[in-house]
Structure formats: C-alpha cells, structure tokens
Amino acid sequence: MNWHKSDNFAPLVLVFHGQQKYRQIRSLRQMAEVLIAAWPSFDGEEYLTAAKICLDAHLGTCSVNEARIALIRAAAEANIPVIAVVPAICDEQSSIVEGGASLVKGVHSA
C-alpha cells in the first residue's frame, strides 16, 4: 500500500485546539502523522489500536476503511471532533446515519 495514496481513504477533518486547529486526513500517511505528531494523549486504548491498524493497512493486512474507522474511534476517545464525508449510495427510500451525520432522503452525493 502506498502511504500517500488516498483513493480508498474517505477524507476526514479532525478539529484540534491550538495553532493548527483543523487537520485534514486523506491518506494513511496523514493518519500516521497526526497520530504521531498531533495526538493529545498516547496512552488510550483506541489510540493504540488506531496506530496498529494504520500500520496493518499500510502492510495490506487490513483495509484502509478499517484504519479510518479506528481513527474515528480514537478521536472520540480523545474528545477530538471529526468532520466526516459519508460516501453515499442510496435509493429514494433510504437514509444513512453515521456518527450523528445523516443524508436526507433523496439527496445523493456526486
């Protein structure tokens, strides 16, 4: 897996306190960088899991989506707000809800 490749990584924005408040995550490399350089606490269970899964995704032993989900869980553990784009494939009868964000019936992503 290429660290820089972002084709399969649905973008996230993490909202930190401080000078660089918004961190956009579009690849495994950016995920690794934020976990190493910007994370407020390095001892949380979800943080450690996210770090391991990020490496596993890089090695190809798990999916990029699993790494993304692990990052979202680590952010929740650290009380870091996440702005996520939820890719949608929906029909007229469905709505999708993830982490409090929802797609309204009849609205499709481009």
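What you see is a predicted model, and the numbers here were worked out from it, not measured in a lab.

Things to note about the packing of helix α1 (residues 28-37) against helix α2 (residues 45-59)
Okay, so step 1: With their axes 10 Å apart at the nearest point, α1 and α2 run at an angle of 150° to one another. Put simply, α1 runs roughly antiparallel to α2. In this structure, the crossing between α1 and α2 has a hand that is left-handed. Every residue of α2 that contacts α1 at Leu28, Met31, Ala32 and Leu35 is listed here: Tyr47, Ala50, Ala51, Cys54, Ala57 and His58.

A short note on the nonpolar core
Okay, so step 1: Within the largest apolar cluster, 24 residues are counted, with the highest numbers of intra-cluster contacts made by Leu14, Met31, Leu35, Trp39 and Leu71.
Okay, so step 2: Of all elements in the fold, only β1 (12-15), α1, α2 and α3 (64-77) reach the threshold of two or more residues within this core.
Okay, so step 3: Counting residues per element, this core draws most heavily on α3, which supplies 6 residues.
Okay, so step 4: Those residues in contact with Leu35 that sit more than four places away from it in its chain are Phe42, Tyr47, Ala50, Ala51, Cys54 and Leu71.

Here's the deal with the side chain of Arg23
Okay, so step 1: Inspection of the secondary structure puts Arg23 in strand β2 (residues 22-25).
Okay, so step 2: Salt bridges are absent for the buried Arg23, whose nearest opposite-charge side chain, Glu33, sits at 4.9 Å.
Okay, so step 3: Other than its neighbours up to four places away in sequence, Arg23 contacts Leu12, Val13, Leu14, Phe16, Glu33, Val34 and Ala38.

Here's the deal with the pairing of β1
Okay, so step 1: When β1 meets β2, the two strands line up antiparallel, connected through 4 bridges. Within the sheet, the bridge partner assigned to Val13 lies in β2 and is Gln24.
Okay, so step 2: Hairpin remark: β1 followed by β2, antiparallel, with 6 residues in the connecting loop; positive phi at Gly18, about 110°.
Okay, so step 3: Where β1 meets strand β3 (residues 82-84), 3 bridges bridge the pair, whose relative direction is antiparallel. Looking across to β3, one finds that Leu12 is bridged to Ala84.

Topic: the environment of Arg68
Okay, so step 1: Looking at the secondary structure, you find Arg68 in helix α3.
Okay, so step 2: For Arg68, a relative accessible area of 5% puts it in the buried group.
Okay, so step 3: It is 7.8 Å that separates the C-alpha atoms of Arg68 and Ala10, two residues lying 58 residues apart in sequence.
Okay, so step 4: For Arg68, the side chain forms a polar contact with the main-chain oxygen of Ala10, separated by 2.8 Å.

Thresholds applied
Residues numbered from 1 in each chain as written. Predicted model: local features only at pLDDT ≥ 70, side-chain atom pairs only at ≥ 80, totals over all residues. Heavy atoms only, no water. Axes fitted to C-alpha atoms, helices over the stretch in contact; angles between N-to-C directions. Helix = DSSP H or I, 4+ residues; strand = E, 2+ residues; numbered from the N terminus. Parallel < 35°, antiparallel > 145°, perpendicular 65-115°, else oblique. Left-handed = near helix turned anticlockwise from the far one by under 90°. Contact = heavy atoms within 4.5 Å. Core = buried A, V, L, I, M, F, W, Y, C linked by side-chain atoms within 4.5 Å. Buried < 20%, exposed > 50% of the residue type's maximum accessible area, 1.4 Å probe, protein only. Lys, Arg positive; Asp, Glu negative; His and termini not counted. Salt bridge = Lys/Arg side-chain N within 4 Å of Asp/Glu carboxyl O. Pairing = 2+ DSSP bridges. Polar contact = N/O pair within 3.5 Å; in protein donor to acceptor, adjacent residues only side chain to side chain.

Limitation: the analysis is restricted to geometry and does not speak to function.
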